[in-house]
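Each chain, letter by letter, is given below.
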Amino acid sequence: MQRRQFIRGLGGVVAGTALSAPHVVSAKTTHRWKMVTAWPKNFPGLGTGANRLAERITRMSGGRIRVKVYGAGELVPAFEAFDAVSRGTAQMGHAGPYYWKGKGEVFQFFSAVPFGFTPQEVNAWLYHGGGMDLWRRLYADFNLVPAAAGNTGTQMAGWFRKEINSVADLKGLKMRIPGLGGEVLRRAGGTPVNIPGGELFTALQSGAIDATEWVGPYNDLAFGLYKAAKYYYYPGWHEPGSVIECFINKKAFDALPKDLQHIVLTACQAANLDMLAEMTARNQQALETLVTKHGVQVKPLPDDVLKKLKSLAAEVVAEIAAGDPFARQVYDSYRGFHRQVSAWSAIAEQAFMRARSL
Ligand code: CA
């Protein structure tokens, strides 16, 4: 007998699940899990971060969970990872929450908010500020358990084929920029598109897009984006500290004994720390290579452009909150924490960074 369970949710996802006998899990049971990702296989930082998470789970569990990692397109395309895990085709996924904005604008709060949290601040919100509870509630409607499993660090604003000297230069600009940043660009007169990382270079080189953001020097160098555009702008106003996620099929998670559940979630927390450390360590080396070896021109976005983007970002975020009660709750939590933590960051990191540069 089969029973269809309709999962309530923003995107109206339907999961067909066959009823099975109650699980009898012995300590010796081996759980063979598939992890689908939104990254090219072994891609530096993101793909390798997924690999290390899988390895860590396997080792920490003494082989009781064995995780096999699939790059984008190997089992499912990059942007189908969420649905694949939701319906149980794979047990885990590794991607970015803003890729699922088609299911609800609120997803984007768990990736990055333009002019929002730094990596340190977003971890504070998730782990000690109520963010994780909200994220779990959102994903439960899709039969998923979420976890932060990486952070890109503060990103770069992106690669541009022409200089950006004023807000007017954003008009008509066709740029790959996902999430809330994309909506901000649209309001500034540009045309945002989202395409998977693996297709960026060709799109930029062929002129199908005028600009693209991806992550930071380490990841951008690996895609060779410098060969397709000369100007590399900063700062990553749109993604000041993007969360990379792991999502786990809830039925697969619930079938684990408690110690293995704890291992999976703790491995994600370790992966979160590890990816940020790797990105931080590699970005400066890659930036030096881009500048000295490839003649890339690294430029700051003008202040008036940043101010305009910041005011548009506030509009975009407030409108999302106005459209849906759950988004309002997430927005209120995010905004309240942001207000509090920025006051602290201003006299901690920010004041210290200033002091260090005197
Ligand atoms: Ca990005």
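To be clear, the structure that these remarks concern was listed above.
Just so you know, these numbers come straight off a predicted model, no measurement behind them.

Caption draft 1: Expanded view of the coordination of the calcium ion. The protein atoms that coordinate the calcium ion are Gln155 (OE1), Glu213 (OE), Glu213 (OE), Trp214 (O) and Glu239 (OE), at distances spanning 2.1 to 2.8 Å. Sequence spacing of the donor residues for the calcium ion, all on one chain, is Q-x57-E-W-x24-E. Of this pair, Glu213 sits in the loop between β10 (211-212) and α7 (217-223) while Glu239 sits in the loop between β11 (231-234) and β12 (243-249); the two residues are 26 residues apart in sequence, bridging distant segments of the chain.

Caption draft 2: Inspection of the sheet that holds strand β4 (residues 65-70) at higher detail. As summarised here, the arrangement of the five strands in space is β4-β3-β5-β12-β6, forming an open sheet in which the pairing is mixed. Edge positions in the sheet fall to β4 and β6 (144-151), since each has one partner strand and no second. Going across the sheet, the axis of each strand differs from the next one's by a mean of 25°, ignoring polarity. Two strands pair when backbone bridges link them, and strand β3 (residues 31-37) and strand β5 (residues 92-95) are joined in this way by three bridges, in the parallel orientation. When the bridges of β5 are listed, Thr37 appears paired with His94.

Caption draft 3: Spatial organisation of the packing of aromatic side chains. By the definition in use, this model includes 27 aromatic pairs. Ring geometry for Phe82 versus Tyr139: centroids 5.3 Å apart, planes at 90°, classification edge-to-face. Taken as a pair, Phe82 in helix α2 (residues 81-86) and Tyr139 in helix α4 (residues 131-140) lie far apart in primary sequence, 57 residues in all. The burial state of Phe82 is the same as that of Tyr139; both residues are buried. Taking 5.3 Å as the distance between ring centres and 45° as the angle between the ring planes, the aromatic pair formed by Trp214 and Phe223 counts as tilted. Judged by its relative accessible area of 14%, Phe223 is buried. The aromatic ring of Tyr70 is capped on one face by Lys68, whose charged end is 5.1 Å from the ring centroid. The ring of Phe201 has Lys227 lying over it, and the distance from NZ or CZ to the ring centre is 5.8 Å.

Caption draft 4: Broad picture of the layout of surface pockets. Here the largest pocket is characterised by a volume of approximately 720 Å³. What lines the largest pocket is a set of 23 residues, and nearest its centre among them are Thr118, Glu121, Ser345, Glu349 and Gln350. For the lining of the largest pocket, the elements supplying multiple residues, two or more each, are α3 (119-128), α10 (303-322) and α11 (325-356). Here the lining of the largest pocket takes nine residues from α11, the largest share from any one element. Here the residues of the lining of the largest pocket are counted per class, giving eleven nonpolar, nine polar and three charged. Considered as a void within the structure, the second largest pocket measures approximately 360 Å³ in volume. Lining the second largest pocket are 17 residues; nearest its centre among them are Thr154, Gln155, Met156, Pro217 and Asn283. Here the lining of the second largest pocket takes six residues from helix α9 (residues 258-292), the largest share from any one element. Looking at side-chain class alone, the lining of the second largest pocket contains nine nonpolar, eight polar and no charged residues.

Scoring rules and cut-offs
- Residues numbered from 1 in each chain as written.
- Predicted model: local features only at pLDDT ≥ 70, side-chain atom pairs only at ≥ 80, totals over all residues.
- Heavy atoms only, no water.
- Donors = N, O, S within 2.8 Å, 3.2 Å for Na, K, Ca; no water.
- Helix = DSSP H or I, 4+ residues; strand = E, 2+ residues; numbered from the N terminus.
- Pairing = 2+ DSSP bridges.
- Axes fitted to C-alpha atoms, helices over the stretch in contact; angles between N-to-C directions.
- Phe/Tyr/Trp six-rings, centres within 6.5 Å; stacked < 30°, edge-to-face > 60°.
- Buried < 20%, exposed > 50% of the residue type's maximum accessible area, 1.4 Å probe, protein only.
- Lys NZ or Arg CZ within 6 Å of the ring centre and 35° of its normal.
- 1 Å grid on protein atoms, 1.4 Å probe; cavity = no way out; pocket = protein on both sides within 12 Å on 5 of 7 lines; lining within 4 Å.
- Points joined across faces, edges and corners; volume = space filled by probe spheres on them.
- Nonpolar A, V, L, I, M, F, W, Y, C, P; charged D, E, K, R; others polar.

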